[in-house]
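Residues per chain are reported as follows:
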Amino acid sequence: ECNECFHPPLYYGFSAFFLYLFSPWISQIDPQIVLLQLLNVEIGIFTLLLLIPIIRSTSLPASMQVLVFSVAALNPQLAAINAQVSNDTLTCFFATLSIFFLIRYHRDRRSKDGVFASAASILAALTKATALPLLGFCAAYYLIIALAARQNRLQSREALKQAALLLIFGLALIPPGL
């Protein structure tokens with residue numbers, strides 16, 4: 001009956017804590033809304049800053065990299081999302097962070113990058129339920145790595161652990177009745 005009624009609590013808890021920090025100086029609702037809008041703008045800027053190394057990791061020519069970043073940075077829909085008080089901005093940030101660490105994991109095969117990618121995708125799912133497919137994507141990526149690295153038992157085992165963690169956590173986050 002109400003598919004939009006379930007929202008994971010991370011963004012709302014984060015916002016409440018942020019407002020609590022400023023509560024001695026800001027107690028009226030309108031300035032609190034503006035403060036949360038500014039917080040979302042800052043998170044949006046961090047998301048764009050994360051895009052720079054992601055785009056640089058591609059084999060695109062420098063001029064095309066600038067164009068790709070410009071399209072993302074000047075996207076009016078992204079700017080509108082970042083100007084609102086909503087969990088979408090934090091979800092985009094954690095999803096971008098997850099992709100950033102997945103690229104690093106793929107390139108360098110460092111365990112900590114895999115852990116950070118998994119953590120970021122879990123935080124994205126804790127921010128908004130529509131990020132659950134990101135958990136599935138990351139888990140599928142780790143399963144592919146595990147299958148491809150069958151000769152390297154340690155790497156295969158590590159990738160399987162990451163996939164299992166994400167799948168279990170993703171299933172636990174699915175709201176009842178969905």
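Because the structure is predicted, anything quoted here is derived from the model rather than measured.

*Asks:* Explain the packing of helix H2 (residues 29–56) against helix H5 (residues 88–108) here, please?
*Replies:* Between two packed helices, what matters for the description is the angle formed by their axes and the separation of those axes. The contact between H2 and H5 brings their axes to 9 Å, and the two run at 20°. Relative to H5, H2 is oriented roughly parallel. The chirality of how H2 crosses H5 is left-handed. Within the contact between the two elements, H2 uses Asn40, Ile43, Gly44, Phe46, Thr47, Leu50, Leu51, Pro53 and Ile54 and H5 uses Thr89, Leu90, Cys92, Phe93, Thr96, Leu97, Ile99, Phe100 and Ile103.

*Asks:* How do you make sense of the confidence of the model for the protein when you look at a structure like this?
*Replies:* Do not read the predicted coordinates in detail wherever pLDDT is low. The pLDDT averaged across the protein works out to 82; a share of 87% of its residues lies at or above 70. In the model of the protein, helix H8 (residues 153–173) stands out as the element of lowest mean pLDDT, 71, in contrast to helix H3 (residues 62–73), which has the highest, 92.

*Asks:* Would you mind going over the packing of aromatic side chains with me for this structure?
*Replies:* Describing an aromatic ring pair means giving the distance of the ring centres and the angle of the ring planes. Across all of its chains, the model carries seven aromatic pairs by this definition. Note on Phe101 and Phe116: the rings are 5.1 Å apart at their centroids and 50° apart in plane angle, and the pair reads as tilted. Highlighted residues: Phe101 in helix H5 and Phe116 in helix H6 (residues 111–127), separated in sequence by 15 residues. Through a chain of ring-to-ring contacts, the aromatic side chains of Phe100, Phe101 and Phe116 assemble into a single cluster.

*Asks:* Quick question: what am I supposed to make of unusual backbone geometry here?
*Replies:* Residues apart from glycine generally show negative phi values, whereas peptide bonds are mostly found in trans. In this model, Arg109 sits at a positive phi of 55°, which is unusual for a non-glycine residue. Of note, Arg109 is situated in the loop between H5 and H6.

*Asks:* Sorry, what's going on with the nonpolar core here?
*Replies:* Proteins that are soluble and globular tend to have nonpolar side chains buried together. Counting residues in hydrophobic clusters, the biggest one holds 36 residues, and the most contacted among them are Phe93, Leu97, Tyr142 and Leu166. When residues in this core are grouped by element, the largest group, nine residues, is from helix H7 (residues 132–148). Setting aside residues up to four positions removed in sequence, Leu97 forms contacts with Leu50 and Ala120.

So, how was this worked out
Residues numbered from 1 in each chain as written. Predicted model: local features only at pLDDT ≥ 70, side-chain atom pairs only at ≥ 80, totals over all residues. Heavy atoms only, no water. Axes fitted to C-alpha atoms, helices over the stretch in contact; angles between N-to-C directions. Helix = DSSP H or I, 4+ residues; strand = E, 2+ residues; numbered from the N terminus. Parallel < 35°, antiparallel > 145°, perpendicular 65-115°, else oblique. Left-handed = near helix turned anticlockwise from the far one by under 90°. Contact = heavy atoms within 4.5 Å. pLDDT = per-residue confidence, 0-100. Phe/Tyr/Trp six-rings, centres within 6.5 Å; stacked < 30°, edge-to-face > 60°. Core = buried A, V, L, I, M, F, W, Y, C linked by side-chain atoms within 4.5 Å. Buried < 20%, exposed > 50% of the residue type's maximum accessible area, 1.4 Å probe, protein only.

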